[in-house]
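Below are the chains, spelled out letter by letter.
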Amino acid sequence: MKRLVALLLPVLILLGFALLYRQEETPQKGDALVYLLAEEGAAGGDAIAGYYVDLGLEESATPQERGEAIVETLISGVPGGRSPLPSGVYLRSISIQGSRAYVDFSSRYSSLTGIDLSLADYCITLSLTQLDAVSSVSITSMGREIFYRDNQVLMEQDVLLSTMGDVIETVHVTLYFVNQDHQLTGEPRALDLYEGQSPAESLMSALLEGPQTLVRLLPEEFTISGVRVEEGVCYLSLPQRSIDILPEDPAEQRLMLQSIAYSLYSLDTVEELRILVDGQEVETFGQVPVEEFLFRPEELSAE
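Residues numbered from 1 in each chain as written. Predicted model: local features only at pLDDT ≥ 70, side-chain atom pairs only at ≥ 80, totals over all residues. Heavy atoms only, no water.

Caption draft 1: Geometry of the sheet that holds strand β12 (residues 226-230). With respect to topology, four strands assemble into an open sheet ordered β12-β13-β14-β15, the strand pairing being mixed. Edge strands, defined here as strands with exactly one partner in the open sheet, are β12 and β15 (280-281). As defined by bridge partners, strand β13 (residues 233-238) adjoins strand β14 (residues 272-277) across six bridges and the pair is classed as parallel. If you follow S237 over to β14, its bridge partner there is L276. Each of β13 and β14 is contacted by helix α6 (residues 250-265), which is oriented at about 130 degrees to β14, the strand it contacts most. (Pairing = 2+ DSSP bridges. Helix = DSSP H or I, 4+ residues; strand = E, 2+ residues; numbered from the N terminus. Contact = heavy atoms within 4.5 Å. Axes fitted to C-alpha atoms, helices over the stretch in contact; angles between N-to-C directions.)

This is how it looks when you write it as structure tokens:
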């Protein structure tokens, strides 16, 4: 294995979380170093920590077999270390070609966004690049690249040199939920952006987290696959499962779509909205025509 660079590095700040190296008291009992989310993180957020684990493989195991065992450990976690991957995700395949590991997960991996996606990517990259045969990692979901990820090929130094703890901008938005009378109501928010985050990503994360003073509208199981803004057009990508859990009442579906659209239109950079489901643009949100909210409403333009 490579000599662990993390042993020689100080605490690194990435995406507002402390990236800490922490070694088990008896590392000799493990034959691989796997990076997971620590149960007890640094102040202000979770931490990534290194855990020595026994992969249970023969010494003659190939790099690909070791890589597969490492990823399976990342999925299951270890005592004291939490998996950075979403519940229900599974490894579809892993292969090592040249010095690059190609890792393909089930569709659940694409539900990760923002900081959660970066932490998962980093845990996988740091863990697999401990193998002598691996210097870079490519991670896909159902064979597809995650289009809203900045870099599709990750290397150890990309992670170790990431310093994203500083707020680079604060944006003021309005998130739309419902009040006690079930009427759509705006809740002003000031969102801190960190390096690598877009305003639309931060806004959708806050919307999914729920209100501070109002009433949640979107189901807690509702997730997004990604969001990006190009030349005034916001492309919101949803997994099919988020559509499947919508309530049957079209009026409720419309209120949810209105909540999403009005919140996104509170960004000055968004003038139009497109909805994609599993990567394909759709015309309806449940039973509600997306065209109802295709463009910024006049009442929001007047605000």
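Caption draft 2: Highlighting unusual backbone geometry. The phi torsion at M142 lies on the positive side, around 55 degrees, for a residue other than glycine. Position of M142 relative to the elements: it lies in the loop between β8 (136-141) and β9 (153-155). Here M142 falls in the partly exposed class, since its relative accessible area comes to 42%. At H182, a residue that is not glycine, the phi angle is positive and equals roughly 65 degrees. (Buried < 20%, exposed > 50% of the residue type's maximum accessible area, 1.4 Å probe, protein only.)

Caption draft 3: A look at the pattern of salt bridges. Throughout the structure, instances matching the rule amount to seven salt bridges. For the salt bridge of R189 with E187, the shortest nitrogen-to-oxygen distance reads 2.9 Å. A residue is classified by how much of its surface remains accessible, and R189, at 11% relative accessible area, is buried. Residue E187 is classed as buried on the basis of its relative accessible area, which comes to 4%. Note that R296 is salt-bridged to E271, the shortest N-O span being 3.3 Å. On the criterion of sequence distance, the pair formed by R296 in the loop between β17 (288-289) and α7 (298-301) and E271 in the loop between α6 and β14 is long-range, its members being 25 residues apart. In this structure R296 comes out as buried when scored by relative accessible area, which is 16%. (Salt bridge = Lys/Arg side-chain N within 4 Å of Asp/Glu carboxyl O.)

Caption draft 4: Expanded view of the nonpolar core. Formed by 42 residues in total, the largest nonpolar core has its most connected members in I70, V103, F105, Y109, I124, L128 and V137. If one sorts the elements of this core by residue count, helix α2 (residues 114-128) sits on top with nine residues. Once residues within four sequence positions are removed from consideration, V137 is found in contact with R100, A101, V103, I124, T125, L128, T129, Q152, V153 and L154. Core analysis: the second largest hydrophobic core is formed by 41 residues, L175, V227, L273 and F285 among them. (Core = buried A, V, L, I, M, F, W, Y, C linked by side-chain atoms within 4.5 Å.)

Caption draft 5: Structural detail: the sheet that holds strand β6 (residues 91-97). Spatially, four strands are ordered β6-β7-β8-β9 in an open sheet, and the strand pairing comes out mixed. Every other strand in the sheet has two partners, leaving β6 and β9 as the edge strands with one partner each. The mean angle between the axes of side-by-side strands here comes to 25 degrees, regardless of whether they run parallel or antiparallel. Taken together, the six bridges between β6 and strand β7 (residues 100-105) define a ladder with antiparallel strand orientation. Following the sheet pairing, S95 is matched in β7 by Y102. Lying over the sheet, helix α1 (residues 63-76) contacts β6 and β7, oriented at roughly 145 degrees with respect to β6.

Caption draft 6: Layout of the pairing of β14. Within β14, five of the six residues are buried, which leaves the element mostly enclosed by the surrounding structure. Examined bridge by bridge, β14 and β15 share two bridges and lie antiparallel to one another. Along β15, the bridge assignment pairs V277 with Q280. Linking β14 to β15, which pair antiparallel, is a turn of two residues; within it D278 sits at a positive phi near 50 degrees.

Caption draft 7: Inspection of the layout of surface pockets at higher detail. Its boundaries defined by the atoms lining it, the largest pocket holds a volume of some 700 Å³. Every element with two or more residues in the lining of the largest pocket is listed here: α2, β11 (184-194) and α4 (199-209). A total of six residues in the lining of the largest pocket trace back to one element, the largest contributor, which is α4. (1 Å grid on protein atoms, 1.4 Å probe; cavity = no way out; pocket = protein on both sides within 12 Å on 5 of 7 lines; lining within 4 Å. Points joined across faces, edges and corners; volume = space filled by probe spheres on them.)

Caption draft 8: Fine view of the environment of P239. With respect to the element layout, P239 can be found in the loop between β13 and α5 (240-244). Using a relative accessible area of 2% as the deciding quantity, one classes P239 as buried. Note: C-alpha distance between P239 and L276 (37 residues apart in sequence) is 8.4 Å. Beyond its immediate chain neighbours, meaning those up to four positions away, P239 contacts T223, I224, S225, V277 and D278.

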